[in-house]
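# Remarks on the overall topology
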Amino acid sequence: MIKLQVRGSTMPVQVIIVDDHAVVRQGLRIFLEMDDELVIVGEAADGATAVQLARELLPDVVLMDLLLPVMDGITATGEIRRGLPNTEVIALTSVLESDLVLRAIQAGAIGYLLKDTDAPKLRQAIKAAAAGQVQLSP
């Protein structure tokens, strides 16, 4: 069981879901809430809102789509990582382009997963990211 130690108590991993498609956010929420070691603390439909929410909520992990309106996911990842070094970001996208992978990692993403990743692997990747472990799609 992976939970974070915070001020002497054990807490579930706090997650923000960022995707511009509401149905994707809802689906991710359903999959992730099946695990009592994870709690969804917020959702955002664009990168700028994701950065604002991360600053307010201080999540352990942000699941970040890369192709977003207002501010793209790579820029948002960089903003979050610069301002919140204890918050990890996992790029979760349908696009597998080496340039995007490299840019996401350079921006500070600890992981890069495709949206076709199954729910148990996604939950495992979030817990691993919260523990500081790199997760990359094959």
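Report on the accompanying structure.

What counts and how
Residues numbered from 1 in each chain as written. Predicted model: local features only at pLDDT ≥ 70, side-chain atom pairs only at ≥ 80, totals over all residues. Heavy atoms only, no water. Pairing = 2+ DSSP bridges. Helix = DSSP H or I, 4+ residues; strand = E, 2+ residues; numbered from the N terminus. Salt bridge = Lys/Arg side-chain N within 4 Å of Asp/Glu carboxyl O. Buried < 20%, exposed > 50% of the residue type's maximum accessible area, 1.4 Å probe, protein only. Polar contact = N/O pair within 3.5 Å; in protein donor to acceptor, adjacent residues only side chain to side chain. Core = buried A, V, L, I, M, F, W, Y, C linked by side-chain atoms within 4.5 Å. Contact = heavy atoms within 4.5 Å. Lys, Arg positive; Asp, Glu negative; His and termini not counted. Expected span 1.5 Å × (residues − 1).

## Side note on the sheet that holds strand β8 (residues 135-136)
The strand order β4-β3-β5-β6-β7-β8 describes an open sheet built from six strands, whose pairing is parallel. Both edges of this open sheet fall to β4 (38-44) and β8, since each of them pairs with a single strand only. Both strand β3 (residues 13-18) and β4 contribute to a ladder of six bridges, which runs parallel. Bridge pairing links V15 to I40 in β4.

## Focus on the pattern of salt bridges
Enumeration according to the criterion identifies 11 salt bridges in this entry. Residue E79 is joined to R55 by a salt bridge in which the shortest nitrogen-to-oxygen separation is 3.4 Å. Of this pair, E79 sits in helix α3 (residues 73-83) while R55 sits in helix α2 (residues 47-57), and the two are 24 residues apart along the sequence. Residue E79 is classed as partly exposed on the basis of its relative accessible area, which comes to 27%. Through salt bridges with shared partners, a single network forms among R25, R29, E33 and E43.

## Describing the side chain of E37
Relative to the helices and strands, E37 resides in the loop between α1 (22-32) and β4. Reaching out from E37, the side chain makes a polar contact with the side chain of K127 at a distance of 2.9 Å.

## Observations concerning the nonpolar core
Core analysis: the biggest nonpolar cluster contains 18 residues, and V13, L32, V61, L63, I90, L122 and I126 have the highest contact counts within it. If you tally residues by element for this core, the top one is helix α5 (residues 119-130), at five residues. In contact with V61, other than residues within four places in its own chain, are V13, Q14, V15, I16, E88, I90, I126, A129 and A130. If you look at the next biggest cluster of nonpolar residues, it comprises 14 residues, including I16, A44, V51 and A54.

## Side note on the side chain of D46
Structurally, D46 can be placed in the loop between β4 and α2. Within the buried core, D46 has no salt-bridge partner, and the shortest N-O distance to an opposite charge, that of R25, equals 8.3 Å. A distance of 3.0 Å separates the side chain of D46 from the backbone nitrogen of A48, its partner in a polar contact. In this structure D46 touches V18, L68, P69, V70 and M71, once residues within four positions along its chain are discounted.

## So, α5
With 12 residues, α5 should cover 16 Å at 1.5 Å per step; its first-to-last C-alpha distance of 17 Å lies within 8% of that length. For α5, the buried fraction is high: nine of the 12 residues fall into the buried class. Every buried residue of α5 is accounted for by A119, L122, R123, A125, I126, K127, A128, A129 and A130. Capping of α5 at its N-terminal end is provided by D118; its side-chain oxygen lies 3.0 Å from the backbone amide nitrogen of K121. Taken from the residues just after α5, G132 is the one with a positive phi, measuring 85°.

## Concerning the environment of M71
Note on placement: M71 falls in the loop between β5 (61-64) and α3. Measuring from C-alpha to C-alpha, the distance between M71 and G47 comes to 4.5 Å, with 24 residues separating the pair along the chain. Apart from residues lying up to four places away in sequence, M71 is in contact with D46, G47, A48, V51, A76 and E79.

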